[in-house]
Each structure stands twice: as C-alpha cells, then as structure tokens.
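# Examining the three-dimensional arrangement
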Amino acid sequence: MSRPRPHSDPDPASGSAGRAGDGHRAARTGAAVALLAAAVCYASWLLAPVLNPGLRPVRSYLSELAARDQPYHLFFQLGDVVTGLCAVVAGVLLGRVAREVPRVARWGLVVFGVATAVDGGWTTMDCAPSVDARCARLEELGELSWRHQAHTVTSSVAVAGALLSLVALLAVLRGPARRRAGLVVAVVLAVGTVGTLVASVHPGYGLGLWQRTQLTGLSGWLLLAAAVALRGTGPRPERPR
C-alpha cells in the first residue's frame, strides 16, 4: 500500500505578501480616484457662465461664485469642500503606500485639501465685490465678516500647499513624458499665480483671467498627482550590469 501524501500547506509568508500587495494596489487606486474626483470638482467654475453669468470672467474672482449672496453658491461651496476632502484622503493614502512620493508632496496635498475644504465650508465670501459696489466699499473699509476677510488667508494657504507639492513631485518624476507633463502644469500654475498676484494690485490687468489660468494649473496638478498615485513616478533607471 502506498502511503498517503501529506498535504502541503501554502507558505504563510507568500500569502501575507500577496494580501499586502493587494492592499497597496487598492490604496493607490483609491488615492488616484480621489485625486481625479478632486480635479473634476475643483473645475466646477467651468459651469459659471450657465449658473451665474452675472460675474465677469475678466474681472471677477472665482471665489465670488461661492459668495453667500450669489445664486447657486452652495453648489460651488460643495465643490470646494469635496475637492478638499478628496485631497486629504489621497494624501493620507499616499503616505501609507507610495514611499517614492516625497513627504513634502504628500503634506502639500493635505495642506491644500484642508485649506480648500475650510475655504468652501467656512471662510466663504459674504458678497461679490466685483459686481456689487456696496460690497466693494464695505470690503475696503474692513466691515465685512471675519469669514470674508479670512478667505484670502485660506485661499493663499491652499495655493502654497499645491505649489510646494508640485515642486516636490517635479523633482522625482522620471521619463520624458511625465517630465514634460509636469513642466507644462508647473508653467501654467506659475504664470497664473504670478498674474493673479499682479492683477490683485492692479485690478485692470484681467484678474479673473489670470485666476482662471491658476485654477487650470491646479486641476492639472491634481491630475498629475492622480497619475503618479496610480502608476508611480515613472520607469526606474536601469541598473548597470
């Protein structure tokens, strides 16, 4: 009689490694989906000509779409809140599984997310000074609410976090395609940011257009970060033989 062969148990180490790999892939996919959702929600201003045609694209801040006296302001506020929450979730997930992404890039994403969520949910503007002379006068006198005045701070913190994250990502991108994409996003964001700063001092210089350029760059950065979350920073350099 032949002896029954003992059943071979699967290697527990390989099983746990497989589960860990699946978990990492799921976390990366979740971060990419969150960043894609953030990019889409952050571009809600593209619906402004339909939902609030009264604001002037050349002169108006995009933040005025979410001002509490404007039509459909809750829609634009919700867009910012969802954008911010998605960015925070993505930053936390990337911190757990994407070690090739610099810590500065991940923290910049979280800072952007928190500031943007606060921007849309708490420090929204009282009114739209570009189309309301009374609002503009009260703003100049500093007589609007503290939330209106704090809006500039939260918006600036959000942009600073995004710029920091983008610069850190650019430093680790590999492969010509990813580097070109990163440089295009960086140029658009830099031009929009500098233009917005200049036009905020000289309102006749097309403030609205510059800020729209800036937000286009920010959505591009979120899309770039989504690609990095899903596929990494690019092909690894070949080791010398």
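If you're wondering where the values come from, they're calculated on a predicted model, not measured in any experiment.

### Considerations on the state of the cysteines
A full pass over the atoms with the stated rule returns one disulfide. Here Cys127 engages in a disulfide with Cys135; their sulfurs sit 2.0 Å apart. Handedness of the Cys127-Cys135 disulfide follows from its S-S torsion of about 85 degrees: it is right-handed. Of the residues examined, Cys127 reaches a relative accessible area of 7% and is grouped as buried. When its relative accessible area of 1% is taken as the criterion, Cys135 is described as buried. Unpaired in this structure, Cys41 has its nearest cysteine sulfur neighbour in Cys86, at a distance of 6.0 Å.

### Quick notes on the pattern of salt bridges
Counted under the stated rule, the structure contains three salt bridges. Residue Arg28 is joined to Glu100 by a salt bridge in which the shortest nitrogen-to-oxygen separation is 2.6 Å. With Arg28 in helix α1 (residues 12-42) and Glu100 in the loop between α3 (73-97) and α4 (103-121), this pair connects stretches of sequence that are 72 residues apart. Arg28 sits in the buried class, given a relative accessible area of 16%.

### What about the packing of aromatic side chains?
Evaluated as defined, the whole model comprises four aromatic pairs. Ring centres 5.2 Å apart and planes at 80 degrees place the aromatic pair Phe75 and Phe76 in the edge-to-face group. Judged by relative accessible area, Phe76 falls into the buried class, the value being 3%. Between the aromatic rings of Trp122 and Trp146, the centroid separation amounts to 5.8 Å while the plane-to-plane angle is 85 degrees, which identifies the pairing as edge-to-face. Taken together, the residues span a long stretch of sequence, with Trp122 in the loop between α4 and α5 (133-141) and Trp146 in helix α6 (residues 146-172) at a distance of 24 residues. Taking the relative accessible area as the measure of exposure, Trp146 reaches 54% and is therefore exposed. Taken together, the aromatic side chains of Tyr42, Phe112 and Trp221 make up a single cluster linked through ring pairs.

Definitions and limits used
Residues numbered from 1 in each chain as written. Predicted model: local features only at pLDDT ≥ 70, side-chain atom pairs only at ≥ 80, totals over all residues. Heavy atoms only, no water. Disulfide = S-S within 2.5 Å. Buried < 20%, exposed > 50% of the residue type's maximum accessible area, 1.4 Å probe, protein only. Salt bridge = Lys/Arg side-chain N within 4 Å of Asp/Glu carboxyl O. Helix = DSSP H or I, 4+ residues; strand = E, 2+ residues; numbered from the N terminus. Phe/Tyr/Trp six-rings, centres within 6.5 Å; stacked < 30°, edge-to-face > 60°.

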